[in-house]
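Architecture and fold: a report
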Amino acid sequence: MSLNDNARAYWAATLGLLAKVLVIWFLVSYGAGILFADALNAIKLGGYPLGFWFAQQGSIYVFIALIFWYAAQMRKIDRQFGMAED
């Protein structure tokens, strides 16, 4: 694999991961917090409707988890394509 092909494959893997993170981010923030809130409110979590919980608390927890997941996945991609800085 040439250097240019390696760079293209690295960029494709990075964009693929970014697309996944953005889809999850959208579904949690806009989907669970706004679009599906009424349906989720039928479920209770800690005494609160689940749609309300996602809008107030759950999305923050998911976003923090996404940060750590993204960092771990990027570390894997960096090592796979020889771009790691360690």
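Residues numbered from 1 in each chain as written. Predicted model: local features only at pLDDT ≥ 70, side-chain atom pairs only at ≥ 80, totals over all residues. Heavy atoms only, no water.

Within an unreviewed UniProt entry, the label attached to the protein chain reads Putative solute:sodium symporter small subunit, and the organism entered is Tepidimonas alkaliphilus.

The next subject is the pattern of salt bridges. The full count for this structure, using the stated rule, is one salt bridge. Here arginine 8 makes a salt bridge to aspartate 5, at a shortest N to O gap of 4.0 Å. Placement of the pair is arginine 8 and aspartate 5 together in helix α1 (residues 3–35), with a separation of three residues, close to one helical turn. Here arginine 8 falls in the exposed class, since its relative accessible area comes to 54%. (Salt bridge = Lys/Arg side-chain N within 4 Å of Asp/Glu carboxyl O. Helix = DSSP H or I, 4+ residues; strand = E, 2+ residues; numbered from the N terminus. Buried < 20%, exposed > 50% of the residue type's maximum accessible area, 1.4 Å probe, protein only.)

The biggest cluster of nonpolar side chains holds seven residues, and these are Tyr10, Leu17, Val21, Leu66, Met74, Ile77 and Phe81. Those elements that place two or more of their residues in this core are α1 and α3 (50–80). In this structure, Ala32, Leu40, Leu50 and Phe54 belong to the second largest nonpolar core, which totals five residues. (Core = buried A, V, L, I, M, F, W, Y, C linked by side-chain atoms within 4.5 Å.)

Another point: the packing of α1 against α3. Running from amino to carboxyl end, α1 crosses α3 at an angle of 175°, the nearest separation of the two axes being 9 Å. When the axes of α1 and α3 are compared, the pair comes out roughly antiparallel. In the contact of α1 with α3, the residues fall into 17 nonpolar, six polar and two charged. (Axes fitted to C-alpha atoms, helices over the stretch in contact; angles between N-to-C directions. Parallel < 35°, antiparallel > 145°, perpendicular 65-115°, else oblique. Nonpolar A, V, L, I, M, F, W, Y, C, P; charged D, E, K, R; others polar.)

Turning next to α1. Between its terminal C-alpha atoms α1 stretches 45 Å, which fits the 48 Å expected from 33 residues at 1.5 Å a residue. Its axis deflected by about 25° at leucine 27, α1 carries its strongest bend there. The complete set of buried residues in α1 reads Asn6, Tyr10, Thr14, Leu17, Val21, Val28, Gly31, Ala32 and Gly33. In this structure, the buried residues of α1 make contact with α2 (37–40) and α3. (Expected span 1.5 Å × (residues − 1). Bend = angle between axes of the 7 residues up to and from the residue. Contact = heavy atoms within 4.5 Å.)

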